[in-house]
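Examining the three-dimensional arrangement
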Amino acid sequence: MKGSVMSVLVVLALVAQDRVACGLEDKSYDYTKYHTMDEISAWMSQMERENPDVASSMIYGRTYENRNITLLKIGFTGATPKKAVWMDCGIHAREWIAPAFCQHFVKEILGSYQTDPKVNMLFKNLDFYITPVLNMDGYIYSWKDNTTRLWRKSRSPGTGNCTCFGTDLNRNFYANWGMVGISRNCCSEIYNGPTPLSETEAQAVTDFLGAHQNQLLCYLTIHSYGQLILVPYGHPNISAPNYNELMEVGLAAANAIKAVHGKSYKVGTSPDVLYANSGSSRDFARLIGIPYSFTFELRDEGDYGFLLPEDQIQPTCEEAYQGAMSIINYIHDKNFRGSAITVTATLWTTLVASWISSANVF
Amino acid sequence: MQSVIRTHLESVSSHSCYATELSFINSSTRRRSPPEWIMKTFCSVWLLLSLVELRPALPVSQETPLACRGPADPALQQPETPEEMDTTGDLEPTHYPARRAATVALHYLNTRHGSPYRVFGLQQVHKASAEDVAAGGRKYSLDFSVTTSPSGSAGPALRCSAEVLFPRTERHTPPDVQLNCEALQQLNSTAEDEAFYQKYITPDSAVSAQYLPDSYGNMSEDMQPFWRLARVAASFIMLRESSENTEFNMAQVASITQQESSEKQLMLDYVVLLHDLPSQEIIQWKLLASWSPDSGVRVLQMEWQPRCPHATKPPN
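By convention here, each chain's residues receive numbers from 1 onward along its written sequence. Working convention: letters from A go to chains and numbers from 1 go to ligands, in the order in which they are written. Totals for whole chains, interfaces and linings use every residue, but because this is a predicted model, local features are given only for residues with pLDDT of at least 70 and side-chain atom pairs only at 80 or more, for both listing and counting. With hydrogens and water excluded, all non-hydrogen atoms of the structure serve as input to the side-chain values.

An unreviewed UniProt entry lists chain B under the name Cystatin LXN-type domain-containing protein, from Cirrhinus molitorella.

Chain A carries the name Peptidase M14 domain-containing protein in an unreviewed UniProt entry, which gives Cirrhinus molitorella as its organism. UniProt's Cofactor (unreviewed entry) comment on chain A is quoted here verbatim: "Zn(2+)". UniProt positions are given in the numbering used here, feature names are shortened, and annotations may be inferred rather than shown by experiment.

Right, here's the structure in full:
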C-alpha cells in the first residue's frame, strides 16, 4: 500500500516537474481572453525567459507615442542567417482577435517543437519573426474606454489644418501608395497619411523587411473580420507574378481551416473578395520580393465583427493556426526538400519499427 | 515624355527612387554597381506599377471631418473607386459584388421577418448575375442561402432568391429588393418571441443597457434578444443607406432604453453603431423601434448622429 502511494507520488512529482519545465501550461496566462498591452508585453518577456534556447525579442522601431515595437524571434540558432517567416498582428487597433492569434501561435510552436518532428524541422530551417501588436498606440487607445473600442488607425496627430488623429497604417506603405481604396480626408478611417511611410510603425516594418529581404520567404499579416485569405495586390489592375501559386496555397489553407470547425474562408485578391486598396503591408512585402504574402481576415463575418466574443478566441485561433501552418509547411517543404523527406522517412521508419516489434510480441 | 515621368516621379516616389531614376534617365551608359542595380530594378518595377494609373499626389483635405458628415455622403463611399469590371453578367459568388447585393437582400429580409429570436444571416451565395437596366441602375439576381440566429449554422438553412436594384441617381436612392425564400410563409412567431413579449410588455418594465456586446464581445443572455432586435431595427437603416459601394454590419449597440409601451408595442430607443466595410467608417444612428409578435419590427424615428468632438450641423 505505502509502496504504491509512494510510486504514485513520484509519478505525480515527475509530471509536475515536466509541466513546470515546459513552462507554458502551468502558468496562468489565459489564451482565451483578450489582454492589455502591458499583459502582452509581460507575456513576451516570459516567453523569452522560459525558452532561452529558441526565443529572443528584438526591438525594431518606435510608435508615434514612443513605445518600443517588439517582435519575438523564434527558432534554433544557426551559424548562417536562416530563411524566415514574418507574422504581424494588430496593425488595426480594434481587431483584438489578431493579437490573440499571434499569442496563440507562439504558444503552440513553443509548446510543440520538442515533440512534433514537423515543428522541430521548422525551427531548424526557419526563424519566425512574430509581432503580437504592431499598432501599440492604437491598441492601447482602444482599451481606454467604451467610446474608443472601435479605433482603427495610428495615434499620430493630424498635420497641417487637420484636427483628427491617426493614419491607416495599412494604407501607408510604399506600395502603389495613394492610388485606390484610400481617402485624402485626414479624419477618414482609410486616410493613407500625408506621405508614404509618414507613420513610424510602417517605417519600422519597412526597415525590417528591407533588411531581411533575402531571408524572408513568407509574410503573414493578421486582421479581422471577414473570414478571408487575401493575396496581393490590392490594385485591381496589377497581378502578382505567382498569383496562381498564391491562390493554390491560399485555397489549401482555407481547406485546412474548414477542417477544424467548419468555417468558410474565401480566398482571392482584395479587389476581388473585399475591396480595392493600396499602400498595404502585404503588397509592399510582395513588391520587394517576398514570394508568399497573405492577409488573414479572421472571424467572424459581421455578426459580432470586431467585438468577437471571448468564447470564440480558442476556436478561431485553432483554425487560423492550421491555415497558417498549411502555408508555412508548404513553403518549408518547397525550400527544404531534403529535410522534408528525412522527416517523412523518419516517421515511416518509426511506424514500421513499432509495427514489427508489436508483431513480434505475438 | 521625360518631363511627364519626372513630374510623376516627384509626386509618387521617394527621394531615393527619384534620384536613382533620374540618374538612369540621364546616363544610361554608366556601369552600375550591384546595389545600385538592385535599386534600379526595384525602382523601375515601382515606376512601372505606379505608371499604371498616372495620378498626381492628392492634397490632404480637411473640410468637415468625415465622421461628422452625413450618411450616403459620396465621401463615405469608397473613394478612388476603380472602374468596376466583371460586374455585369455572371458574377463570382465569393466575390464582393455578389456578396454586397446579397447583404442588401438580407437587410430587407430582416426588416420584414426579423424578431428578437430570429435574425437572418448570409450563409452562402450560390449564383449571382447583374445587368444594367434601361432606367439607369444595376439589377442583381441572386440565389443564396440564409441561416437564422440564434441557432446559426446549427439550424436549418433557407434557400432564397432575390433581385436587388441599385438605382443610379444623383442623390442617393435606396435599393429596391424583390425577395422570395422557401418556407418563409410557414415561419411563425416563435414561442421564445411570445415569452419575451409577455415579459417586457408589462407597464413597469424599463430595460436599459449600454454597449452590447461589451468590448470583449460578451453579453448577458437576457440582453441577447434586445441586441437581435437592434440588428433588425438597424436593418431598416442599413437597407436605406446601401449602395454598390457599401457593405454594412451592425458593430455594436451603444445604448438601449425601453420607453413606455404604446398600443401593445414594445417601444425601444436605440443608439446603434454601424460599420461600413469599404470605408471602414463607424456611423452612429439613434432610432425608435416598436415590436410585437403580430406587427413585427417598425422603425418610427431615425436620426443620424455625428461622431466628432466638434459636432457640425447634420445634413438634411
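**A look at the overall build of chain B**
By definition, any uninterrupted DSSP run of H or I lasting at least four residues is a helix, any uninterrupted run of E lasting at least two residues is a strand, and each is numbered from the N terminus. A tally of helices and strands in chain B yields 6 helices and 10 strands. Buried positions account for 49% of the 316 residues belonging to chain B. Contacts are assigned to residue pairs that have any heavy atoms within 4.5 Å of one another. Across chain B, every contact between residues at least 6 apart in sequence was considered, and the portion connecting residues at least 24 apart equals 58%. Burial classes: relative accessible area under 20% of the type maximum marks a residue as buried, over 50% as exposed, and values in between as partly exposed (1.4 Å probe, protein chains only).

**Topic: the side chain of Arg-299 of chain A**
Residues and elements named next belong to chain A. On the secondary structure map, Arg-299 appears in the loop between strand E8 (292–298) and helix H10 (313–335). By relative accessible area, which is 5% here, Arg-299 ends up buried. Here a polar contact is taken to be a pair of N or O atoms separated by no more than 3.5 Å, where protein atoms must pair a possible hydrogen donor with a possible acceptor and residues adjacent in sequence count only if both atoms sit in side chains. Within the structure, Arg-299 has its side chain in polar contact with the side chain of Thr-316 (distance 3.5 Å). Polar side-chain contacts of Arg-299 include one of 2.8 Å to the side chain of Glu-319.

**With respect to the side chain of Glu-245 of chain A**
All names here are of chain A. Take Glu-245: it is sitting in helix H7 (residues 243–261). In terms of polar contacts, Glu-245 uses its side chain to reach the side chain of Tyr-292, at 2.7 Å. Residues within four places of Glu-245 in sequence aside, it is in contact with Tyr-292, Tyr-330 and Lys-334.

**A look at helix H4 (residues 96–113) of chain B**
Taking 1.5 Å per residue as the helical rise, H4 of chain B with its 18 residues ought to reach 26 Å, and the 25 Å between its terminal C-alpha atoms agrees with that figure. In terms of burial, H4 of chain B is largely enclosed, as 16 of its 18 residues are buried. The span you would expect from a helix comes to 1.5 Å times its residue count less one.

**Concerning a nonpolar patch on the surface**
A cluster of nonpolar residues, Trp-348, Leu-351, Val-352, Trp-355 and Ile-356 of chain A, forms a patch on the protein surface that exposes about 580 Å² of accessible area. The residue Leu-351 of chain A is located in helix H11 (residues 337–361) in this model. Here, patches come from residues exposed beyond 30% relative accessible area and free of salt bridges, joined within 9 Å for like charges and within 5 Å for nonpolar side chains (Val, Leu, Ile, Met, Phe, Trp, Tyr). To measure how exposed things are, a 1.4 Å probe is used in the Shrake-Rupley method; for residues, cover is taken only from the protein chains shown. Whenever Lys or Arg places a side-chain nitrogen within 4 Å of a carboxyl oxygen from Asp or Glu, that contact is recorded as a salt bridge.

**Some remarks on the UniProt feature "domain: Peptidase M14" (unreviewed entry) in chain A**
Here, the residues flagged by UniProt with the feature "domain: Peptidase M14" (unreviewed entry) are residues 33–331 of chain A. Secondary structure content for residues 33–331 of chain A is 36% helix and 17% strand, while the C-alpha to C-alpha distance between its ends is 31 Å.

**Considering helix H3 (residues 97–112) of chain A**
End to end, H3 of chain A covers 22 Å across 16 residues, agreeing with the expected 22 Å (1.5 Å per residue, within 8%). Most of H3 of chain A sits inside the fold, with 14 of its 16 residues counted as buried.

**Re unusual backbone geometry**
The peptide bond linking Arg-299 of chain A to Asp-300 of chain A adopts the cis configuration, its omega dihedral lying at -5 degrees. With respect to the element layout, Asp-300 of chain A can be found in the loop between E8 and H10. You will see that Asn-66 of chain A, though not glycine, has its phi angle at about 70 degrees, which is positive. Along the chain, the position of Asn-66 of chain A falls in the loop between strand E1 (55–62) and strand E2 (68–74). Unusually for a residue other than glycine, Tyr-211 of chain B sits at a positive phi of about 55 degrees.

**Some thoughts on the pattern of salt bridges**
Oppositely charged side chains may form a pair once their charged atoms are brought near each other. Taken as a whole, this structure holds 25 salt bridges over all chains when the rule is applied. For Arg-100 of chain B, the salt bridge identified is with Glu-247 of chain B, shortest N-O distance 3.5 Å. With Arg-100 of chain B in helix H4 and Glu-247 of chain B in the loop between helix H6 (224–241) and strand E7 (248–262), the pair connects residues that are 147 residues apart, well separated along the chain. Accessibility expressed as a relative area gives 3% for Arg-100 of chain B, which makes it buried. Across the pair Glu-163 of chain B and Lys-139 of chain B runs a salt bridge whose closest N-O atoms are separated by 3.6 Å. Linking Glu-163 of chain B in strand E4 (residues 158–167) with Lys-139 of chain B in strand E3 (residues 137–149), this pair joins segments that are 24 residues apart in sequence. A network of salt bridges, in which partner residues are shared, links Glu-95, Arg-152, Asp-168 and Arg-171 of chain A.

**Notes on the packing of aromatic side chains**
Here the distance between the centres and the angle between the planes together describe a pair of aromatic rings. A pair of Phe, Tyr and Trp rings is counted when the ring centres sit within 6.5 Å of each other, with Trp represented by its six-membered ring. The angle between the planes then sorts it: under 30 degrees is stacked, over 60 is edge-to-face, the rest tilted. Using the criterion set out here, one finds 33 aromatic pairs over all chains in the structure. A centroid spacing of 5.8 Å and a plane angle of 70 degrees characterise the contact between Phe-76 of chain A and Phe-123 of chain A, whose relative ring orientation is edge-to-face. With Phe-76 of chain A in the loop between E2 and strand E3 (83–89) and Phe-123 of chain A in helix H4 (residues 117–125), this residue pair connects regions lying 47 residues apart in the sequence. Residue Phe-76 of chain A is classed as partly exposed on the basis of its relative accessible area of 27%. Look at Phe-123 of chain A and you get buried, because its relative accessible area is 0%. Ring geometry for Tyr-140 of chain B and Phe-166 of chain B: centres 5.5 Å apart, planes at 90 degrees, overall edge-to-face. Residue Tyr-140 of chain B is located in strand E3, and its partner Phe-166 of chain B is located in strand E4; the two are separated by 26 residues in the primary sequence. Residue classification places Tyr-140 of chain B among the buried residues on the basis of a relative accessible area of 2%. Looking at Phe-166 of chain B, the relative accessible area reads 3%, which means it is buried.

**Quick notes on the sheet that holds strand E1 (residues 89–91) of chain B**
Residue and element names in this part refer to chain B. We treat two strands as partners when DSSP finds at least two bridges between them. Spatially, 5 strands are ordered E1-E2-E3-E4-E5 in an open sheet, and the strand pairing comes out antiparallel. Each edge of the open sheet is held by one strand with a lone partner, namely E1 and strand E5 (176–181). With direction set aside, neighbouring strand axes in the sheet form an average angle of 20 degrees. Here E4 pairs with E5 via 6 bridges, running antiparallel. Following the sheet pairing, Cys-160 is matched in E5 by Cys-181. Sheet strands touched by H4: E1, strand E2 (119–132), E3, E4 and E5. Its angle to E2, the strand with the most contacts, is close to 130 degrees. Where helices are involved, their axes are fitted lines through C-alpha atoms of the stretch in contact, as for all axes, and angles between N-to-C directions lie from 0 to 180°.

**Observations concerning the packing of H3 of chain A against H10 of chain A**
Residues and elements named next belong to chain A. Running from N to C, H3 and H10 point in directions that differ by 65 degrees, and their axes come no closer than 9 Å. The interaxial crossing formed by H3 with H10 has right-handed handedness. For the pair H3 and H10, contact is made by Ile-97, Ala-100, Phe-101, His-104, Phe-105, Glu-108, Ile-109 and Ser-112 and by Ile-313, Gln-314, Thr-316, Cys-317, Glu-318, Ala-320, Tyr-321, Ala-324, Met-325 and Ile-328, respectively. Crossings are assigned a handedness: left-handed for a near helix turned anticlockwise from the far helix by less than a right angle, right-handed for a clockwise turn.

**With respect to the pairing of strand E8 (residues 265–276) of chain B**
Residue and element names in this part refer to chain B. With 12 of its 12 residues buried, E8 lies for the most part within the structure. Covered by surrounding structure in E8 are Gln-265, Met-267, Asp-269, Val-271, Leu-273 and His-275 together with Leu-266, Leu-268, Tyr-270, Val-272, Leu-274 and Asp-276, the residues of both alternating faces. Following E7, the chain reverses through 2 residues before pairing antiparallel with E8; Glu-263 in that reversal takes a positive phi of roughly 50 degrees. Sheet topology note: the E8/strand E9 (residues 282–292) ladder contains 10 bridges and is antiparallel. Among the inter-strand pairings, Leu-266 is bridged to a residue of E9, identified as Trp-291. Where E8 hands over to E9, the hairpin turn is made up of 5 residues, of which Gln-280 adopts a positive phi near 65 degrees.

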